[in-house]
Structure formats: structure tokens, C-alpha cells
There are 2 protein chains.
Amino acid sequence: MAMRIYLSKDLREASRLCADDNRKTLAEQGVLMINLMGSPGSGKTTLLEHTMRKLSGLYRIAVIEGDLYTAKDAERLSPWCKQVTQINTEGGCHLEAGSIGYLLKEEALLDSELVVIENVGNLICPAEFDLGEDIRVTQLSVTEGDDKPAKYPLVFKDADCVLITKLDLLPYCNFNLERVIQELQIINQELVIIPVSVYNGEGFDTWINWLVKQIEAKKKSVLS
Amino acid sequence: MAMRIYLSKDLREASRLCADDNRKTLAEQGVLMINLMGSPGSGKTTLLEHTMRKLSGLYRIAVIEGDLYTAKDAERLSPWCKQVTQINTEGGCHLEAGSIGYLLKEEALLDSELVVIENVGNLICPAEFDLGEDIRVTQLSVTEGDDKPAKYPLVFKDADCVLITKLDLLPYCNFNLERVIQELQIINQELVIIPVSVYNGEGFDTWINWLVKQIEAKKKSVLS
């Protein structure tokens, strides 16, 4: 009887190779891929609903939804996207590059200009897994409290952009916005930080303009 | 050179044995141990601050704080507890029974009447690890949205009590309280569900009375 034992180190290496493959595939097509992370209930799907509504006439967008169970989030986004794919991890706490690579074989995804991955709601485990994305966006809602960057540094340190969401609830929360921005800038000097509320619209155009700039730069990179 | 390979099954089994040991130790002393779980920012430490303040004159209480980094939560609770111990997981997404067992060797913990473990802020991974607790309490804040019990069922299904927190923010959130309570009752018919706000005091006495009843029952069990 043959028996194979995969050690954790090999699995991590395999995952990294998958991520590199995904990045290469996307680079050839000029497709921008975003990995959106945040706590359960930080407002990831709500942000995407508004973002897709704004961009759906302008770009071909595909979304990959990571959840333990249910297709609730995919259903919410389907009116606004060319394609929505739900991955149910059945208890798993993060997405991995292999699953994304499998989906990137589909023509509909590669024919997009933007692929957004909404990762499983979790501020810890997803940060450790490169999916082959171009850009990492981490959400922090003001209702979660201003101690989160210090307590969960990795997901903020490795991000390209942090969206501070639910800004409309700031008057009701004990959240020092200025201090959080300063702390984030110390963790990562290159970080783009955008406080945003999709309900009163504050900061939303700044987010959209930044995102459009990234999509256009990726498209241009394949032409040059 | 000797090499040992632990397979996941063995590790899970070892963890279960540790949890059983912890439960036995606590039963002999009549100490109630609670495992408090919830998303980052669901208000676990804030609830404990208010709970400890209320009970500190009545019971000997010890707290074990699980966090990736920092001792912020332990510092917040130290004025109200006989003993606070911080466990930094350094990136780890949950606590395990072995670490708790190590702490239960300390006299100060076993001399308590209540040990509260504030688990790492995570709605997924901690639910899979029995720490030897008597009671599991899961928090869900209204700002996280009412789809969470369906999306993260395990942490609610295996709980003894669910606290629906930040009730004072209900008027500003899209959260159907009645439907969430119904859904939770379907997931787990034995579940004690307490909507609570530590800011306006709503439901707080119900929580304290329930908790006191559990502490007293555990003390009595050792005498009988």
C-alpha cells in the first residue's frame, strides 16, 4: 500500500506556485484581480454592491464569493456582474490559490477586466494566503473598534488599500479615526487609506476613482 | 536521526483529551469556565468589562485573554479581576485546550469561582476547538448584519448562549432582530438568546442573572 504524506511546508510552496500561475494568467490578459478581506459584517458585500452598480456599465466584472455556506452574497451581487461564482468552503476559514486557479480556466472570467474575490469573513487566516491577486484591499468598519490594526497587524500590513467603512456610524462609536489612520501609516507607509460610507456617499468617489486607475493601469500594461 | 510525524487526527485527539482533563480539573473545584467567542469588534471585551464590574465584589473571577498580539484587552480587564492572563497566539487564529490546561495548574485560577476565556476574534476557527469549558457563549453584534447565523452556523449551533450585542445601534442598522432569533432557535432549540446593550443597559441584568445561576449551579455540584 502506498502512502503519501504532505508536509505543511510543501503545501505552502504548492500554494505559492498556484498563486504565481494565477498572476501570470491574469497579466497576459490584462485583468486586474482584487482580494477583498475583512471581518464578518465589515460590509464587504455591501461595498461591492455599490461598486458594481457604479462600474457595471463601464467594465466587464466578475466576482468570486468565498463563504463557509450559503450563496447569499453571490445572490446579492448577481444583478450587477457579468459573472458571480460562489465558493463554499464548508467550514474552511480562507480561500486558496488552487481554487482560484481552477476558476481562471473559465473563459468568462478571463474575458473580464476586473475580478474581485470577496474572501471569507475573517481578519486572520485569509491574510496568510496569496491568491495571485494584484491588489489586496482590507476593510475595517468603525463599529469594530479602533484597536484592530494593532491586534490584527498582518491583514493591514500586507494590504495595498484599507477602506474604513460604515463612516456614517462614526458618531455612535468609540472610534478615533485620526489615530487609526496614523497607526496604519506606521504599519505600512505605502498604504492607501480611504474612509467611506456607502450610505451617505462619503469617500465613495475616492474609492471608485482609485479602483478605476488600477483597472486602467493593468489594461495598459498588456498593450505596452 | 529520529523523526516523528503527527497526523492531524492524532493532534485533534490529543486536543480532545486535554479538554477532558481541563473539564475534570474544573469539576473537582466547582469552577465554572466559559468560552466567549465572536467576530473581531463584536464587543467581547466591553461586555466583560461591564460583567466583571458587576460581579467582582460577589465572585472570585479570572480571565484568560486570547489575542494574536498586544495585551490591550488584558489591560482593560485587570481592574476588575482577581487575575488576568494574556495568551498571544502570534498569528494563530484560535486558542487550544493545551494552553488552557497549562494555565489551570496555577493556584490563582483554580481558586476562582468563574474563569472566562475571551477567545481570539474569529467566527470560524475557535468553534472547532473544545477548550474544556462548561459553557460556550457566542456574541453577534447587530452591526455585523443578520445573515451571520446562516453563514457561520457552527459557532451558533454549538453555543449554550448567544448574546446579540450593540442593541443600542439597532435603529441605525439593517438587522431584523426577530428573524435572527427565529433562525437561531431553529439551529439550536436549547439556545439561550439574550439581546443586550451595555450602553443603555437593555438585557444586561438578564445576562448577569443567567450567568450567576450557572456559577451557583457549578458550585453546588461540587458540594453535593
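Residues numbered from 1 in each chain as written. Chains lettered and ligands numbered in written order. Predicted model: local features only at pLDDT ≥ 70, side-chain atom pairs only at ≥ 80, totals over all residues. Heavy atoms only, no water.

**Student:** Where do I start with the overall build of chain A in this structure?
**Tutor:** In terms of regular secondary structure, chain A is built from nine helices and seven strands. The C-alpha atoms of chain A give 17 Å as radius of gyration, which agrees with the globular expectation for 224 residues (17 Å, within 12%). If you line up chain A on its principal axes, its C-alpha atoms span 65 × 40 × 35 Å. Considering only intrachain contacts with a sequence separation of at least 6, the fraction spanning at least 24 residues in chain A is 72%. Total accessible area on chain A is roughly 10,100 Å²; 51% of this is exposed by carbon and sulfur atoms. (Helix = DSSP H or I, 4+ residues; strand = E, 2+ residues; numbered from the N terminus. Rg over C-alpha atoms; globule rule 2.2 N^0.38 Å. Contact = heavy atoms within 4.5 Å. Areas by Shrake-Rupley, 256 points an atom, 1.4 Å probe, with all protein chains shown as cover.)

**Student:** So what exactly am I meant to see when it comes to the pattern of salt bridges here?
**Tutor:** Side chains that differ in charge, positive against negative, can pair when their charged atoms come close. All names here are of chain A. Tallying each qualifying case throughout the model produces 36 salt bridges over all chains. In this structure, the salt-bridge partner of Arg 60 is Asp 111, at a minimum N-O distance of 3.9 Å. Of this pair, Arg 60 sits in the loop between helix H2 (44–55) and strand E2 (61–67) while Asp 111 sits in the loop between helix H5 (107–110) and strand E4 (114–118); the two residues are 51 residues apart in sequence, bridging distant segments of the chain. Judged by relative accessible area, Arg 60 falls into the partly exposed class, the value being 36%. Connected through shared salt-bridge partners, Arg 60, Lys 82, Asp 111, Glu 113 and Lys 219 make up one network. (Salt bridge = Lys/Arg side-chain N within 4 Å of Asp/Glu carboxyl O. Buried < 20%, exposed > 50% of the residue type's maximum accessible area, 1.4 Å probe, protein only.)

**Student:** What am I meant to see in the packing of helix H2 (residues 44–55) of chain B against helix H9 (residues 204–223) of chain B here?
**Tutor:** In helix packing, the relevant descriptors are the interaxial angle and the interaxial distance, both defined with respect to the helix axes. Residues and elements named next belong to chain B. For the pair H2 and H9, the least separation of the axes is 11 Å and the interaxial angle reads 65 degrees. Where H2 crosses over H9, the handedness of that crossing is right-handed. Residues Leu 47, His 50, Thr 51, Lys 54 and Leu 55 of H2 form the contact with H9, whose own contacting residues are Phe 204, Asp 205, Trp 207, Ile 208, Leu 211, Val 212 and Ile 215. (Axes fitted to C-alpha atoms, helices over the stretch in contact; angles between N-to-C directions. Left-handed = near helix turned anticlockwise from the far one by under 90°.)

**Student:** Help me understand the relation of the copies chain A and chain B in this model?
**Tutor:** A rotation about an axis combined with a shift along that same axis relates the two copies of the chain. In the superposition of chain A on chain B (RMSD 0.0 Å, axial shift 0.0 Å), the rotation amounts to 180 degrees. Each copy turns onto its partner about a two-fold axis. (Least-squares fit on C-alpha atoms with pLDDT ≥ 70 in both.)

**Student:** Can you walk me through the sheet that holds strand E6 (residues 161–165) of chain A in this structure?
**Tutor:** Hydrogen bonds between backbone groups are what pair the strands of a sheet, and the pairing can be parallel or antiparallel. Residues and elements named next belong to chain A. In spatial order, the strands read E3-E2-E4-E1-E5-E6-E7; together these seven strands make up an open sheet with parallel pairing. Among the strands making up the open sheet, the edge pair consists of strand E3 (83–88) and strand E7 (192–195). Direction aside, neighbouring strands of the sheet carry axes that sit 20 degrees apart on average. Two strands pair when backbone bridges link them, and strand E1 (residues 32–37) and strand E5 (residues 135–141) are joined in this way by four bridges, in the parallel orientation. Within the sheet, the bridge partner assigned to Asn 35 lies in E5 and is Arg 136. Along the sheet, H2 contacts E1, E2, E4, E5 and E6; its crossing angle with E4, the most-contacted strand, is approximately 165 degrees. Most of the contacts of helix H8 (residues 177–187) go to E6, to which it runs at about 165 degrees, and overall it touches E5, E6 and E7. (Pairing = 2+ DSSP bridges.)

**Student:** Could you clarify how one ought to interpret the nonpolar core in this entry?
**Tutor:** By size, the foremost hydrophobic cluster in this structure holds 63 residues, and its most contacted members are Ile 64, Ile 100, Ile 164 and Leu 184 of chain A together with Ile 164 and Leu 184 of chain B. Those residues in contact with Leu 184 of chain B, other than ones at most four positions away along the chain, are Pro 149, Phe 156, Val 162, Ile 164, Leu 191 and Ile 193 of chain B. (Core = buried A, V, L, I, M, F, W, Y, C linked by side-chain atoms within 4.5 Å.)

**Student:** I'm lost on the sheet that holds strand E6 (residues 161–165) of chain B in this one. Help?
**Tutor:** Residue and element names in this part refer to chain B. Read across the open sheet, the seven strands follow the order E3-E2-E4-E1-E5-E6-E7; overall the sheet is parallel. Strand pairing shows two members of the sheet lacking a second neighbour, strand E3 (83–88) and strand E7 (192–195), which therefore form its edges. Neighbouring strand axes in the sheet, compared pairwise and without regard to direction, differ in orientation by 20 degrees on average. Pairing of strand E1 (residues 32–37) with strand E4 (residues 114–118) involves five bridges; the strand directions are parallel. Paired with Met 33 across the two strands is Val 115, which belongs to E4. Along the sheet face, H2 touches E1, strand E2 (61–67), E4, strand E5 (135–141) and E6 and points at about 165 degrees away from the line of E4. Contacts between helix H8 (residues 177–187) and the sheet are confined to E5, E6 and E7, with E6 contributing the most and set at about 165 degrees to the helix.

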